[in-house]
Amino acid sequence: MKLKLKEVLTISTVLKTIIDDTSSRIDPLLKFKLLGLLKATEGHVENFQEVRNEKINEYGENDEDGNIFIPKENQEAIKQFNDALGALVDSEVTVTADKLKAGDIFNKGIPAQYLIALYPLIEE
C-alpha cells in the first residue's frame, strides 16, 4: 500500500505504543498482526532517522559535550532543516503488508485516537 512517510512515522509510533502497553488486553492474534505491520514500517522509519540525523549534522553545531544540535536562535538553519525534511515526510512510500480487517481491530480495547492513526491500515 502507498502511504505518505509522515503517516508511516505516526503509524509506527502508535503501533509501538499499543504493542508495548502491558496493561492492554489485546488478544495474541491481533498483537501478532500489529507486530507484522510494525515490522513492515521499520525500514522506512530507520531510513528517515538516518536522513534526519544527517541533516542535523549538516545544519547543527556541537555543544561542549560533543552533541550536535540546531540552536533555536539559528532560524535559517531551522528553516533549511524543516524544508529538507518537509519534502521527505510528504513523499510517498510503499508499505508491503496486509491491511487489518475492521472486525479484527474494532472493539478490541484500542483507544479511538490510535484507531484514527491506524485508519489507513484498516479495510472494511
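Reading the values: rules and limits
- All residue numbers refer to positions counted from 1 along the written sequence of the respective chain.
- With pLDDT at 70 or above as the cut-off, local features in this predicted model cover only qualifying residues; side-chain atom pairs require 80 or more to be listed or tallied, and sums for whole chains, interfaces and linings still use all residues.
- No hydrogens and no water enter the side-chain calculation; it runs on all heavy atoms of the structure.
- Counting from the N terminus, the helices are DSSP H or I runs at least four residues long and the strands are E runs at least two residues long.
- As defined in this context, the radius of gyration uses C-alpha atoms, and a globule is described by 2.2 Å times the residue total to the power 0.38.
- Per-residue accessibility, obtained with a 1.4 Å probe over protein chains only, is compared with the maximum for each type, and a residue is labelled buried under 20%, exposed over 50%, and partly exposed between these values.
- Whether two residues touch is decided by their heavy atoms; if any such pair falls within 4.5 Å, the residues are in contact.
- Only the protein chains shown count as cover for residues, and the accessible areas themselves come from Shrake-Rupley with a 1.4 Å probe.
- In this analysis, axes come from line fits to C-alpha atoms, helices being fitted only over the stretch in contact, and the angle between any two N-to-C directions falls in the range 0 to 180 degrees.
- An angle counts as roughly parallel when it lies under 35 degrees, as roughly antiparallel when it exceeds 145, as roughly perpendicular when it falls between 65 and 115, and as oblique in every other case.
- Crossing handedness is read from the near helix: turned anticlockwise from the far helix by less than a right angle, it gives a left-handed crossing, and turned clockwise, a right-handed one.
- An expected span of 1.5 Å times one less than the residue number is assigned to each helix.
- By definition, a salt bridge exists where a carboxyl oxygen of Asp or Glu is found within 4 Å of a side-chain nitrogen of Lys or Arg.
- Side-chain atoms within 4.5 Å link the members of a nonpolar core, which is a set of buried Ala, Val, Leu, Ile, Met, Phe, Trp, Tyr and Cys residues.

What follows is about the overall build of the protein. Along the backbone of the protein there are five helices and six strands. Taken against the 2.2 N^0.38 rule, which gives 14 Å for 124 residues, the C-alpha radius of gyration of the protein at 18 Å runs more than 25% over that of a compact globule. Judged by the C-alpha coordinates and their principal axes, the protein covers about 50 × 30 × 20 Å. Classification of the 124 residues of the protein by burial places 30% in the buried group. For the protein, the proportion of contacts with a sequence separation of at least 24, taken over those separated by at least 6, is 63%. Accessible area of the protein: about 8,100 Å², with a carbon and sulfur share of 50%.

Glancing now at the packing of helix H2 (residues 28-59) against helix H3 (residues 75-89). Relative to each other, H2 and H3 sit at 160 degrees, their axes nearing to 10 Å. As summarised for this structure, H2 and H3 are arranged roughly antiparallel, according to the angle between their axes. At the point where H2 passes H3, the crossing takes the right-handed sense. Every residue of H3 that contacts H2 at Phe-48, Val-51, Arg-52, Lys-55, Ile-56 and Tyr-59 is listed here: Ala-77, Gln-80, Phe-81, Ala-84, Leu-85, Leu-88 and Val-89.

It is worth spelling out helix H1 (residues 5-20) at this point. Taking 1.5 Å of rise per residue, the 16 residues of H1 would be expected to cover 22 Å, and the 22 Å separating its terminal C-alpha atoms lies within 8% of that figure. Of all the positions in H1, only Leu-5, Val-8, Leu-9, Ile-11, Ser-12, Val-14, Leu-15, Ile-18 and Ile-19 are classed as buried. Residues of H1 that are buried make contact with strand E1 (2-4), H2, H3, strand E4 (92-94) and helix H5 (112-118).

Moving on: the pattern of salt bridges. Where side chains of opposite charge bring their charged atoms close, a pairing between them can arise. Applying the stated rule across the entire model yields six salt bridges. Close ionic contact of Lys-39 with Glu-42 constitutes a salt bridge, the shortest N to O distance being 3.3 Å. You can see Lys-39 and its partner Glu-42 sitting in helix H2, three residues apart, about one turn around the helix. Using a relative accessible area of 57% as the deciding quantity, one classes Lys-39 as exposed.

This brings us to the nonpolar core. A general trend in soluble globular proteins is that nonpolar side chains are found buried together. The biggest cluster of nonpolar side chains holds 34 residues, and the ones touching the most others in it are Leu-15, Ile-18, Leu-30, Leu-34, Ile-105, Ile-110 and Leu-118. Counting residues per element, the ones that place at least two in this core are H1, H2, H3, helix H4 (102-105) and H5. Non-local contacts of Ile-18, meaning those with residues more than four positions away in its chain, are made with Ser-24, Ile-26, Leu-34, Ile-110, Tyr-114 and Leu-118.

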